[in-house]
Amino acid sequence: MAFIFGLSFLFTKNALDYTSPMNFIAIRFTIASLFLFFLSIFKIISLQRKNYFKLLIVSLFQPILYFIFETSGLLYIPSSEAGILIASIPIFITFLTPIVLKEKVHNMNFLFVFLSFFGVLLIIGFNNFKGNIKGDLLILCAVFSATFYNFTSRKFSKEFQPVEITFFMMIIGAIFFNALAIIRGELDYTVLTNIHVLIAALYLGILSSSVAFFLVNYMLSKVSPTQSSIFANLTTVTSVLAGALFRNEQITLKHIIGMTLIILGVWGVNYYKYNNS
């Protein structure tokens, strides 16, 4: 999941040179839905008859609210600043899990969650905050949307399979963002004739949406949101390594220290959970 999400930034940046964010999001979730429909038609995945409308609350938080707030926030602040704020998701989840889900969180988890966050902060940079309150608040709304997506997916994992939750999320995302793109006058599937957009849309639709969110939902059905969410910070490690490999970006000492802190934080959260559960 972290590897897929980490590489998604490269593909997204390539696509947004040729189309609007909202149009690309609509295309992304359409491809994700078609991919899952294809798998269901060929019996690779199976869906049972259930009241899937219960999952509307999951889909409201992710992808609807999360993508609206994140896309809107990025209009006002740099992606680096947004990345720092997004990295705080495991912190909010760790503090709120005992309150919302009534699941115990080991005291050492708080230390390792903050350790991982500071690793992200070190890599992205302490001087990236521009002081745009509107942008920061919008990204923080995205953070809370992701936090409560983790909680609701965890809650409904007792009733629905991970693939069922993922399927419903992708369908609702496709319906909502296509409608929104139409209302904004931005929907344009002809951009798929551009090879850069097509490759990015296939990657984001099939891997970053269908596969990665399935992996998230699967994790949430097996482990606590604190354990699951901390892995998301590994996307920063993947982004640094991908930038060095594909864009010839330099890896400095601060990157190495930051990546070490992130990996140590991920290890610590899971080590203390499994050894004190």
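These numbers were taken from a predicted model, which means no experiment stands behind them.

Scoring rules and cut-offs
- Residues numbered from 1 in each chain as written.
- Predicted model: local features only at pLDDT ≥ 70, side-chain atom pairs only at ≥ 80, totals over all residues.
- Heavy atoms only, no water.
- Salt bridge = Lys/Arg side-chain N within 4 Å of Asp/Glu carboxyl O.
- Axes fitted to C-alpha atoms, helices over the stretch in contact; angles between N-to-C directions.
- Helix = DSSP H or I, 4+ residues; strand = E, 2+ residues; numbered from the N terminus.
- Parallel < 35°, antiparallel > 145°, perpendicular 65-115°, else oblique.
- Left-handed = near helix turned anticlockwise from the far one by under 90°.
- Nonpolar A, V, L, I, M, F, W, Y, C, P; charged D, E, K, R; others polar.
- Phe/Tyr/Trp six-rings, centres within 6.5 Å; stacked < 30°, edge-to-face > 60°.
- Buried < 20%, exposed > 50% of the residue type's maximum accessible area, 1.4 Å probe, protein only.
- Expected span 1.5 Å × (residues − 1).
- Patch = residues over 30% accessible without salt bridge, like charges linked within 9 Å, V, L, I, M, F, W, Y side chains within 5 Å.
- Areas by Shrake-Rupley, 256 points an atom, 1.4 Å probe, with all protein chains shown as cover.

I keep staring at the pattern of salt bridges and nothing clicks. Help me out?
Where side chains of opposite charge bring their charged atoms close, a pairing between them can arise. Going through the model one piece at a time under the given rule, you end up with four salt bridges. A salt bridge links R184 to E186, with the nearest nitrogen and oxygen atoms 2.9 Å apart.

Hey, could you run me through the packing of helix α1 (residues 2-15) against helix α9 (residues 195-222) in this one?
Axis angle and axis distance: for two packed helices, these are the angle between their axes and the distance between the axes, and together they describe the pair. Closest axis-to-axis distance for the α1/α9 pair is 9 Å, and the angle between their directions is 155 degrees. With respect to their mutual orientation, α1 and α9 come out roughly antiparallel. The hand of the α1/α9 crossing is left-handed. The class makeup of the residues in the contact of α1 with α9 is 17 nonpolar, five polar and no charged.

Explanation requested: the packing of aromatic side chains in the structure shown.
Two measures describe an aromatic ring pair: the distance that separates the ring centres and the angle between the ring planes. Scanning all chains against the criterion turns up 22 aromatic pairs. Pairing F29 with F177 gives two aromatic rings, centres 5.8 Å apart and planes at 15 degrees, and the pair type is stacked. With a gap of 148 residues between them, F29 in helix α2 (residues 21-41) and F177 in helix α8 (residues 162-183) connect regions that are remote in the sequence. The class of F177 is buried, set by a relative accessible area of 0%. Between F112 and W267, the aromatic rings sit 6.1 Å apart at their centres with planes inclined by 85 degrees, giving edge-to-face as the arrangement.

Is there a simple way to explain α2 in this structure?
Taking 1.5 Å of rise per residue, 21 residues should cover 30 Å, and α2 covers 30 Å from first to last C-alpha, within 8% of that figure. Counting buried positions along α2 yields 15 of 21 residues, so the element is predominantly enclosed. The first or second residue beyond α2 is K43, which carries a positive phi of 60 degrees.

When you look at a nonpolar patch on the surface in this model, what are you seeing that I'm missing?
On the surface, F37, F38, I41, F42 and I44 cluster together into a nonpolar patch covering about 560 Å² of accessible area. Relative to the helices and strands, F37 resides in helix α2.

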